Amino acid sequence: MLFSERDIFHSSFLSVVLVSMFLILGSNAFGQHTGNGISGKISSVSGAIPAAIIEINHPPFQVITDSSGYYQIPHLLPGKYSLIIYAEGFVTQVHEIDVVESHQTYNFLLTLQHTQLSTVSVVGSAKIESPQATTLQEIQLDREYFEKQNAINFSQSLEKNPGLSTINTGVGIGKPVIRGMSFNRILINDRGIKQEGQQWGADHGLEIDPFNVDEVSIVKGPASLIYGADGMGGVINLLPGTRPKNDTLFSTITSAYQSVNDLYATSISTEAKRGKWHISGRFTHQNFGNYRVPAENFTYAGFVLPIFDNRLTNTAGREHHFSTQATYVGKTFESSLTVSQFQQNAGLFVGAVGIPNSNNLRHFGEQRNVALPNQNNRHLKVISNNTIRISESDYLEIDLGFQRNEREENSLPHTHGYGPEITSNLALGLYLNTITANIRYHKQINTATKSILGVQIQSMSNQFDGFEFLVPEFTSHQSGAFYFIENQTTQQLALTVGARIDAAQHRITQHEQPIYRNRVFTGEYDLRNPDIFREMGNISGSVGARYEWTANTTIKANLGSSFRMPTPTELSMNGVHHGNFRHEVGNANLTPERGYQIDVNIVHKRNRWSFTVSPFWGYYDDFIYLAPSVRFSPLPGAGAFWEYKQHHAIFTGGEALATLELWDGMLLTAGFEYVWNLNLETGLPLPLTPPLSTLLQAEYQFFTGRSKKTRLSFFIDYRIAAAQNRTDRNERTTPGYQLLDAGVQWRYHHLKLQLSGANLANTNYFNHLSRYRLINLPEPGRNVSLRLIVPIGIL
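Residues numbered from 1 in each chain as written. Predicted model: local features only at pLDDT ≥ 70, side-chain atom pairs only at ≥ 80, totals over all residues. Heavy atoms only, no water.

A. Focus on unusual backbone geometry. For the peptide bond that leads from leucine 372 to proline 373, omega is 0°, which places it in the cis range. By the element assignment, proline 373 lies in the loop between strand S22 (333–347) and strand S23 (374–389). Backbone geometry places asparagine 314, a non-glycine residue, at a positive phi of 60°. Note that asparagine 314 resides in the loop between strand S20 (303–306) and strand S21 (317–329). Asparagine 314 sits in the buried class, given a relative accessible area of 5%. Phi is positive for histidine 749, which is not a glycine, with a value near 55°. Assignment of secondary structure puts histidine 749 in the loop between strand S41 (737–748) and strand S42 (751–758). (Helix = DSSP H or I, 4+ residues; strand = E, 2+ residues; numbered from the N terminus. Buried < 20%, exposed > 50% of the residue type's maximum accessible area, 1.4 Å probe, protein only.)

Encoded structure:
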């Protein structure tokens, strides 16, 4: 049965949503008229005239200022619009404007940008935000923000924003966490297509080239209504950068060095525009050695083992990434095709696969050698984005995607008694193909109301290889449809409401592992998982409001019902997961998760200071998680069984952010985040909960020279993380720590040179979300980074 009686009971929430939809649709039945548009001038407090981009939200439309700073947007329908202004080196501004029948003038003054912590919440832009961000908190990050981060991978570069953290595996592998949720509870959308890899594994990093990130929009809170069932914790949107207005051809060369693992990286990008065509491409190469830790030994299973030369052996690696994109922009049609390939070959610390000892912890050969065990990860993406303009205000978006994820773990042969003589080092190969189609129709119902009708379809196929077994072959088909409405009820009040229906089908193939003794087949089999066929479906929705209480204070609130189906991995996994140091077992009887979430965001802004507070609360019915059992695995070196379970749970907490501009160019920032959760069955916290954390930042920047085209900026960050003593059964506590980062950047036009340092005090500390914490390995030590960005204008 696709919908159970409990699903029907839960869907009573939908009645509230449907009534709200009816009220909104009936509240403003006005006709449409033709307006004369707006124009104005963009200037800056520094006296420089920035080359600014002005964008309206619906329908998405952009213009660029001329050499004197003037802009014009013609032929706008009467109504309310979000006007977004962004220029490189200046703070992105968002203004709500009222367009009437007559032509209007709007002039704006930009201020210098402080990019260590982004606090810009953008409302209404189809290009850079989720529609749900009208009533949910959103963070917008641009390329300049990422260029200033002292991070090796994309996930770690997000950690300076309240509510975001990372599950680390050493230096090169990280997974983003939003408000304590990760894995299959947050979505990574690359140009409108949900990224699908083996994201269920804590040791499986995110296959994103850190140099190929232009714009990122992060929605904190339940975003599953628009993006799909896995967005119950939040969504990270990777978006294309702004295209040049005039015909051009130019390249950029970025070189980087990091001392903690002697990383050398080079990334070359080329961009060209001619007429209606825009073409871009990027190639990135990274090479890094064994990374340094501020420790000379560590404890493993009660034994004190050495760390030779303060470096973790076999943590070196190499990465090669490329991407290319071609875009055609017509009067009523826009289409782009993006092809990218992520490729990583990285060593695995010997304590992660097998048992470390004084011999295999030694360095053999160069510090950049990648020996066994290691992993090879490849991720191919082909994405087609298409926009068809139906009228001046209505348009259709069609996103199509194909992904091929290949993950291969290599190690010395071992069979656990379940195989013949092995002639290959391929321990585990996982090969996942994903096809995705998303269709969204944006319609301006009247001057105050707009809507989105969307359909999403996804099909996955997984295969495996190697002498180990962890996840069986399976196929999975998922589909969903949603309807979302936003209404500007009054000048101060905006309401949103939406409903969604999802259905999924998982078909998992039985796997029997033949049993060998002394390399001779016994005729017996070990049943790892039976044939599993599951069909699931449910209904969810959300209601939200944004209220402009005063000219300086905005309040957002969102009540949402989210839904997540158990994945084929959670239903069928049965094998030794060396990356997590345990034998993990799925549960074929898992039922879908259901969440009820409340999110509030209050923002108060003055000329030189601002304050934001964002509390959240959520109740989750049948929350799925991994937990240790009282049974031990029969496989050698596997330890205890860790089984997928589900219980009711509560998540609550919040973030706070305060900024103070002491004078032009001098900004102080304080960010705070806390997550508290509880397993209602055991009375204990859920595992891998981030600790309370505070980040204090100071940044000073100023222009030099008579032309004011040279800019210097300095920053210093101080993070205070509390001890995490609220842990699940058999989960270790983690002491608190303090970290000091600092840096300086020099910039002339687009030429940039940056020197920065992380963990400058070389603090020996443990990250509660780090996989290596399980074997008592501290986080990386002092890391000094140097980055040079050289633009080359050809035409």
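What follows picks up the thread again.
B. Geometry of the sheet that holds strand S12 (residues 186–190). Across the sheet, five strands lie side by side as S9-S14-S15-S12-S13; this open sheet has mixed pairing. Looking at strand neighbours, the two that pair on one side only are strand S9 (137–142) and strand S13 (193–194), the edges of this open sheet. The pairing of S12 with strand S15 (residues 234–239) spans five bridges and is classified as parallel. In the sheet register, asparagine 189 faces S15, and the bridge partner there is asparagine 237. (Pairing = 2+ DSSP bridges.)

C. Representation of the environment of glycine 575 in the model. Residue placement: glycine 575 occurs in strand S33 (residues 574–577). Overall, glycine 575 belongs to the buried group, its relative accessible area being 0%. Sequence separation of glycine 575 and valine 585 is ten residues, and the distance between their C-alpha atoms is 6.8 Å. Apart from the residues within four sequence positions on either side, glycine 575 is in contact with Phe469, Leu470, Arg528, Arg582, His583 and Glu584. (Contact = heavy atoms within 4.5 Å.)

D. Expanded view of the pairing of S22. As paired strands, S21 and S22 are joined by 13 bridges and run antiparallel to one another. By the bridge assignment, arginine 318 is partnered in S22 with asparagine 345. For S22 and S23, the ladder comprises 15 bridges, and the chain directions are antiparallel. Following the sheet pairing, leucine 337 is matched in S23 by serine 384.

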